Amino acid sequence: MVVHNLLPSPLRPTPALTLRVRSKDVVADGVVSLVLDHPDGARLPDWTPGAHIDLVLPDATTRQYSLCGDRWDPYSYRVAILREPAGRGGSAYVHDRLMPGDPVGFGGAHNHFPLVPSDRYLFVAGGIGITPLLPMIHQAASTGTDWQLLYGGRTRASMAFRDDLTDSYGDRVHLSPQDECGLLDLAAWLSEPPPGTTVYCCGPAPLLAAVQEACAGRPPHRLRTERFTAADRSAPVRRTPFEVELRRTGRTVTVTPDTSVLHAVRRAGAEVLSSCEQGTCGTCLVPVIEGTPDHRDAVLADHERAAGDCMMPCVSRSRSDRLVLDL
Ligand code: FES
C-alpha cells in the first residue's frame, strides 16, 4: 500500500512567481543541480522536508522537482534534475538550455511526502529518488534521530550527492551501485527492521513495488513512498458525461468521457496549474464543494479520498451527476 501525506495539503497552488537561476552544476552523470533565488533577493516561501516545487520553464512547460537544499535557508531553493531521454522535454530543457541568470516561473511549494515523527528511519533511495530524502536525512541527523540510508543507483558516478552523504554521515550511508553490488538487498534490510522504524522510499516504480512487497506484513503507516509514475487505475466508475460547476467563476461545463476535468474547467476559463497530468504530483489539486469525486490519483491518502473535499482534476472524475468545485 502506498502511504502518502497524512498532514493537511494546501488547497491550491500559490500564484506563480518568477525565480532566477543563481547557479547550475553537474552533480552526477546525467544530473544537474540548480540553485534558485528571488530576483530581488526576497525571502522564498517556507517548506519542509519532502516538499517539491513546480517550475514553469521558459518553454511554458511545468515540472515538479523535490527540494533538496537547506530548508533553513529562506533565500534559495536547490533542486537536482535527472536528464530523462524518454521524458517530455522538461529535463532536456534544463540540461541543455537553462543557464544561470535565466528566469523560471514558480508555482509554489507543496508537500505530499512529509517526514512524520518516528523512533528511527530507514531511507531507501533509487537514483534521483535521493532528492526528497536529503532534507529528511539532514532533519533526522539534526534532531538526533536514529536513521540509515540505503542508496542504489546504476553506477557510482550516477549517484548524486553520494560523496556529501558519506563525508557527512559515514557508515549510516550504504551505497549500492548496481554495476558493483547488483540489486538492493531489500530482504536483508526490510524483513525485520528494528521496532519503531519508519521506511521512506523514493525511486523508480520497480523499486517502490519491491519495497512495498518487502513491507507487506508491516503496519501501513510504517512505509511512506513517493511515486513519480502514475499508479495503476481501473476504469472510471462512471462512463457517462457529468457536470462540473465552477462556483466562483459562475459557469457549468459538461465533462465527456473523452476529456479530463482539468481540460474541461480550463476551457471554461478556470486557471488551474498542472504539472504531471498523471495524478502523481498534487499540483492541480482543487477543492470540492459538492458531489462525489472518483479519485484516480496516486497522491491522496485513503482518509483524504474518503473526505471528498478535494481532487486532482487531471485524472480524477466524478461518481455523481454533478461536481461543484471552488474555482
Ligand atoms: Fe500532477 Fe494533477 S497535474 S496530479
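Everything below is about the structure printed above this text.
These remarks concern the structure in this document.

About the cut-offs
- Numbering of residues starts from 1 in each chain and follows the order in which that chain's sequence is written.
- Residues qualify for local features only when their pLDDT is at least 70, as the model is predicted, and side-chain atom pairs are given and counted only at 80 or more; totals for whole chains, interfaces and linings, by contrast, use all residues.
- Remark: hydrogens and water are excluded; side-chain values derive from all non-hydrogen atoms of the structure.
- What counts as a helix is a DSSP run of H or I of at least four residues, what counts as a strand is a run of E of at least two, and both are numbered from the N terminus.
- Radius of gyration means the value over C-alpha atoms here, while the globule rule gives 2.2 Å times the residue count to the 0.38 power.
- Per-residue accessibility, obtained with a 1.4 Å probe over protein chains only, is compared with the maximum for each type, and a residue is labelled buried under 20%, exposed over 50%, and partly exposed between these values.
- Contacts: residue pairs with any heavy atoms within 4.5 Å of one another.
- Here, Shrake-Rupley sampling with a 1.4 Å probe gives the accessible areas, and only protein chains in the shown set may cover a residue.
- Residues scored as charged are limited to Lys and Arg (positive) and Asp and Glu (negative), so that His and the chain ends carry no count.
- For charged residues, the charge sits on one atom: NZ in Lys, CZ in Arg, CG in Asp, CD in Glu.
- Joining through side-chain atoms within 4.5 Å is the link that ties buried Ala, Val, Leu, Ile, Met, Phe, Trp, Tyr and Cys residues into a set, and such a set is a nonpolar core.
- When DSSP finds at least two bridges between two strands, those strands are taken to pair.
- Only Phe, Tyr and Trp rings take part, Trp by its six-membered ring, and two of them pair if their centres are within 6.5 Å. Stacked means planes under 30 degrees apart, edge-to-face means over 60, and tilted covers everything else.
- For a Lys NZ or an Arg CZ to count as sitting over a ring, it must be within 6 Å of the ring centre and within 35 degrees of the ring normal.
- Just to be clear on terms, a salt bridge is a Lys or Arg side-chain nitrogen sitting within 4 Å of an Asp or Glu carboxyl oxygen.
- Here, the term right-handed applies to a crossover whose path from the first strand over the helix to the second runs clockwise when the strands point away from the viewer.

### Quick notes on the overall build of the chain
On a plain count of helices and strands, the chain comes out with 8 helices and 18 strands. In terms of overall dimensions, the chain is globule-like: its C-alpha atoms have a radius of gyration of 20 Å, near the 20 Å expected for 327 residues. Over its C-alpha atoms, taken along the principal directions, the chain stretches across nearly 60 × 50 × 35 Å. Across the 327 residues in the chain, those meeting the buried criterion constitute 52%. Partitioning the contacts of the chain with sequence separation of at least 6, the portion at a separation of at least 24 is 66%. For the chain, the accessible surface area stands at approximately 14600 Å², while carbon and sulfur atoms represent 50% of it. Taking the average location of the 33 positive side-chain charges in the chain and that of its 38 negative ones, the two points are 5 Å from each other.

### Some points on the nonpolar core
Grouped together as the largest cluster of nonpolar side chains are 28 residues, with contacts concentrated most on Phe123, Trp147, Leu149, Leu165 and Tyr200. Among the elements of the structure, strand E7 (120-126), helix H2 (130-142), strand E8 (146-153), helix H3 (162-169) and strand E10 (197-202) are those that each provide at least two residues to this core. Looking at this core element by element, the count peaks at 6 residues for H2. Aside from chain neighbours lying at most four places away, what touches phenylalanine 123 is Leu115, Leu133, Met136, Ile137, Ala140, Trp147, Gln148, Leu149, Leu150 and Tyr200. Core analysis: the next-biggest nonpolar cluster, separate from the first, contains 26 residues, Val253, Ala268, Cys314 and Val315 among them.

### Considerations on the sheet that holds strand E18 (residues 322-325)
Spatially, 5 strands are ordered E13-E12-E18-E14-E16 in an open sheet, and the strand pairing comes out mixed. Both edges of this open sheet fall to strand E13 (251-255) and strand E16 (310-311), since each of them pairs with a single strand only. In terms of strand pairing, strand E12 (residues 242-246) meets E13 through 5 bridges, oriented antiparallel. The residue of E13 that forms the bridge with valine 244 is valine 253.

### Thoughts on the packing of aromatic side chains
Any aromatic ring pair is given by two values, namely how distant the centres are and how the planes are angled relative to each other. Under the defined criterion, the tally for this structure stands at 7 aromatic pairs. Between tyrosine 77 and phenylalanine 106 the ring centres are 5.6 Å apart and the planes differ by 45 degrees, which places this aromatic pair in the tilted class. Here the residue tyrosine 77 occupies a position in strand E5 (residues 76-82), and phenylalanine 106 occupies one in strand E6 (residues 103-110), the gap between them amounting to 29 residues. Taken as a pair, tyrosine 77 and phenylalanine 106 share a single burial class, namely buried. Ring geometry for tyrosine 121 against tyrosine 200: centres 6.0 Å apart, planes inclined by 65 degrees, an arrangement best described as edge-to-face. Taken as a pair, tyrosine 121 in strand E7 and tyrosine 200 in strand E10 lie far apart in primary sequence, 79 residues in all. Both residues of the pair, tyrosine 121 and tyrosine 200, count as buried. The cationic tip of arginine 71 hangs over the ring face of tryptophan 72; the distance from NZ or CZ to the ring centre is 4.1 Å.

### Describing the side chain of serine 76
Within the secondary structure, serine 76 is located in strand E5. A residue is classified by how much of its surface remains accessible, and serine 76, at 9% relative accessible area, is buried. Leaving out residues up to four positions away in the same chain, serine 76 has contacts with Arg22, Val35, Leu36 and Leu44.

### Topic: the pattern of salt bridges
Per the counting criterion, the structure on display carries 16 salt bridges. Residue arginine 22 is joined to aspartate 37 by a salt bridge in which the shortest nitrogen-to-oxygen separation is 3.0 Å. Here arginine 22 is found in strand E1 (residues 17-28), whereas its partner aspartate 37 is found in strand E2 (residues 31-37), with 15 residues between them in sequence. Linking arginine 247 and glutamate 290 is a salt bridge whose minimum nitrogen-to-oxygen distance equals 3.5 Å. With arginine 247 in the loop between E12 and E13 and glutamate 290 in strand E14 (residues 286-290), this pair connects stretches of sequence that are 43 residues apart. Residue classification places glutamate 290 among the partly exposed residues on the basis of a relative accessible area of 44%. Through salt bridges with shared partners, one network takes in Glu243, Glu245, Arg247, Glu290 and Arg322.

### Observations concerning the pairing of strand E9 (residues 173-177)
Consecutive residues of a regular strand have side chains that alternate between opposite faces of the sheet. Inspection of the sheet shows E8 paired to E9 by 5 bridges, in the parallel sense. Looking at the pairing, glycine 152 lines up with serine 176 of E9. Once you follow E8 into H3 and on to E9, the crossover reads as right-handed.

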